[in-house]
Amino acid sequence: MDFVAGAIGGGLSTAVGYPLDTVKVRIQTEGHYKGIWHCIRETYRTEKVWGFYKGVCASALAVSLISSVSFGTYKNSLCGICKLRYGAAEARPAKLDVALAGAAAGALRVVLMTPSEVAKVRLQTQRNPPPSTASPQPVSKPKYRGSLHCLKVIAKEEGFGGLYKGCSALLCRDCSSSAIYFLTYSALCDWLTPAGKNKPGLLVVLLSGGFAGVLAWGLATPMDVLKSRMQIDESEQHKYKGLIHCARESVRKEGAKVLFKGLGLNCIRAFPVNMVVFVTYEAVLRCTDHY
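Please read these numbers as outputs of a predicted model, since none were measured by experiment.

**What about the overall build of the chain?**
Assigned secondary structure in the chain consists of 9 helices and 0 strands. When the elements of the chain are put in sequence order from the N terminus, they spell out α-α-α-α-α-α-α-α-α. Its C-alpha radius of gyration of 20 Å places the chain within 12% of the 19 Å reference for a compact globule of 291 residues. Here the C-alpha coordinates of the chain stretch approximately 70 × 35 × 35 Å along the principal axes. The long-range fraction of contacts in the chain, counting pairs at least 24 apart against all pairs at least 6 apart in sequence, stands at 77%. If you sum the accessible surface of the chain, you get close to 14,700 Å²; carbon and sulfur atoms cover 67% of it.

Right, here's the structure in full:
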């Protein structure tokens, strides 16, 4: 049931956070924006509301699948670790057990999510302004017509490896952030739940989920920046030879602050998104337990 609850929570969270995710990706990969509001204004001016939702359909499906795998893997890994260490899957886990199970969930998630992340980032950074009556020149068609078309074009032009660009940065990002994510949520729930109660209340779940997301994304931002930059590097560009080269070139050209582009936006987006994820996850599990 953890897989189903995770899928529903992940799908709903996409609807909440996708527009800010688009703004975050554009700020991280393009240098001409002066800040969050400038990016929002420019995106709306040139592409209207749809500009914030490029690639959202595939992303919602991918996030549902990935969230399902993440929560399911976390729960099963935690049970396996407890059984191995304490002799019973139901034993109370230590903080290290929670962190290890979270890291395992993050590692498996990377295998499934990298192609959809590549397509999402390419679509989010693709420009196709509306036709202008003032200019007689026809507007060129966008290279990618949708998520599936994007994946097809990447596979054709860049090979199978193109679908896994940024995988190294994504692996570093998700293993560490997933460990912190589940550890923070578990620790806050334990701390905020009154003695004698078996399960945290609604407010505790909301706050714990929100703060877990903020902390995880705050620490994951440098790798998130590098991941996005590596994934928009198309076959004809070849700007980056790998994770270390991308980090070195980005810092050399723009300074160390480049690794924290989108940090504030990541944290702002993470709080409501992860509130939705955890409260939905807990609600689905409790409904199934009840019935």
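Text resumes after the structure shown.
**Concerning the pattern of salt bridges**
Taken as a whole, this structure holds 23 salt bridges when the rule is applied. Here Glu 117 and Lys 120 are joined by a salt bridge, their closest N and O atoms 4.0 Å apart. Taken together, the residues Glu 117 and Lys 120, both in helix α4 (residues 95-125) and 3 residues apart, mark about one turn of the helix. Residue Glu 117 is classed as buried on the basis of its relative accessible area of 10%. Measuring nitrogen to oxygen at the nearest pair gives 2.7 Å for the salt bridge that ties Asp 224 to Arg 173. Here Asp 224, found in helix α7 (residues 202-231), pairs with Arg 173, found in helix α6 (residues 167-192); they are 51 residues apart in sequence, far enough to count as distant. Note on accessibility: Asp 224 and Arg 173 belong to one class, buried. Counted as one network, the salt bridges with shared partners bring together Asp 21, Lys 24, Arg 109, Glu 117, Lys 120, Arg 173, Asp 174, Asp 224, Lys 227 and Arg 269.

**Brief notes about the nonpolar core**
Residues Phe 71, Tyr 74, Tyr 181, Phe 182, Tyr 185 and Phe 278 are the most contacted members of the largest nonpolar core, which totals 20 residues. Mapped by element, the contributors of at least two residues to this core are α3 (56-86), α4, α6, α7 and α9 (263-290). Residue contributions to this core peak at 5 residues, all from α9.

**Quick word on the confidence of the model for the chain**
Per-residue confidence for the chain gives a mean pLDDT of 85, with 90% of residues at or over 70. When pLDDT is averaged over each helix and strand of the chain, the minimum, 77, is found for helix α1 (residues 2-29) and the maximum, 93, for α6.

**Some details on a nonpolar patch on the surface**
A surface patch of nonpolar side chains, about 560 Å² in accessible area, is lined by Trp 191, Leu 192, Leu 203, Leu 207 and Phe 211. With respect to the element layout, Leu 207 can be found in helix α7. For Leu 207, a relative accessible area of 33% puts it in the partly exposed group.

**Describing the UniProt feature "transmembrane region" (unreviewed entry) in the chain**
Summarizing the sequence annotation, UniProt attributes the feature "transmembrane region" (unreviewed entry) to residues 201-220 in the numbering used throughout. Within the segment residues 201-220, helix and strand shares are 95% and 0% respectively, and the terminal C-alpha atoms sit 28 Å apart.

**Section: the packing of α3 against α4**
At a minimum axis distance of 8 Å, the contact between α3 and α4 shows a crossing angle of 160°. In terms of axis orientation, α3 runs roughly antiparallel to α4. Crossing of α3 against α4: the hand is right-handed.

**A short note on a positive patch on the surface**
A cluster of like positive charges, contributed by Lys 141, Arg 145, Lys 152 and Lys 156, occupies part of the molecular surface. Along the chain, Arg 145 falls in the loop between α4 and α5 (147-158).

**Quick look at the packing of aromatic side chains**
A full pass over the atoms with the stated rule returns 11 aromatic pairs. Taking the centre distance of 6.4 Å and the plane angle of 15° together, the rings of Tyr 18 and Tyr 53 count as stacked. In this pair, Tyr 18 sits in helix α1 while Tyr 53 sits in the loop between α2 (36-47) and α3, placing the two residues 35 residues apart along the sequence. Considering the side-chain rings of Tyr 181 and Phe 182, the 5.3 Å spacing of their centres and the 70° angle between planes classify their relative orientation as edge-to-face. Neither residue differs from the other here; Tyr 181 and Phe 182 are each classed as buried. What links up through ring pairs into an aromatic cluster is the set Phe 71, Tyr 74, Tyr 181, Phe 182, Tyr 185, Phe 278 and Tyr 281. Its end group placed over the ring of Trp 217, Arg 269 keeps NZ or CZ at 5.0 Å from the ring centre.

Criteria and cut-off values
- Residues numbered from 1 in each chain as written.
- Predicted model: local features only at pLDDT ≥ 70, side-chain atom pairs only at ≥ 80, totals over all residues.
- Heavy atoms only, no water.
- Helix = DSSP H or I, 4+ residues; strand = E, 2+ residues; numbered from the N terminus.
- Rg over C-alpha atoms; globule rule 2.2 N^0.38 Å.
- Contact = heavy atoms within 4.5 Å.
- Areas by Shrake-Rupley, 256 points an atom, 1.4 Å probe, with all protein chains shown as cover.
- Salt bridge = Lys/Arg side-chain N within 4 Å of Asp/Glu carboxyl O.
- Buried < 20%, exposed > 50% of the residue type's maximum accessible area, 1.4 Å probe, protein only.
- Core = buried A, V, L, I, M, F, W, Y, C linked by side-chain atoms within 4.5 Å.
- pLDDT = per-residue confidence, 0-100.
- Patch = residues over 30% accessible without salt bridge, like charges linked within 9 Å, V, L, I, M, F, W, Y side chains within 5 Å.
- UniProt positions renumbered as here; feature names shortened; annotations may be inferred.
- Axes fitted to C-alpha atoms, helices over the stretch in contact; angles between N-to-C directions.
- Parallel < 35°, antiparallel > 145°, perpendicular 65-115°, else oblique.
- Left-handed = near helix turned anticlockwise from the far one by under 90°.
- Lys, Arg positive; Asp, Glu negative; His and termini not counted.
- Charge placed at Lys NZ, Arg CZ, Asp CG, Glu CD.
- Phe/Tyr/Trp six-rings, centres within 6.5 Å; stacked < 30°, edge-to-face > 60°.
- Lys NZ or Arg CZ within 6 Å of the ring centre and 35° of its normal.

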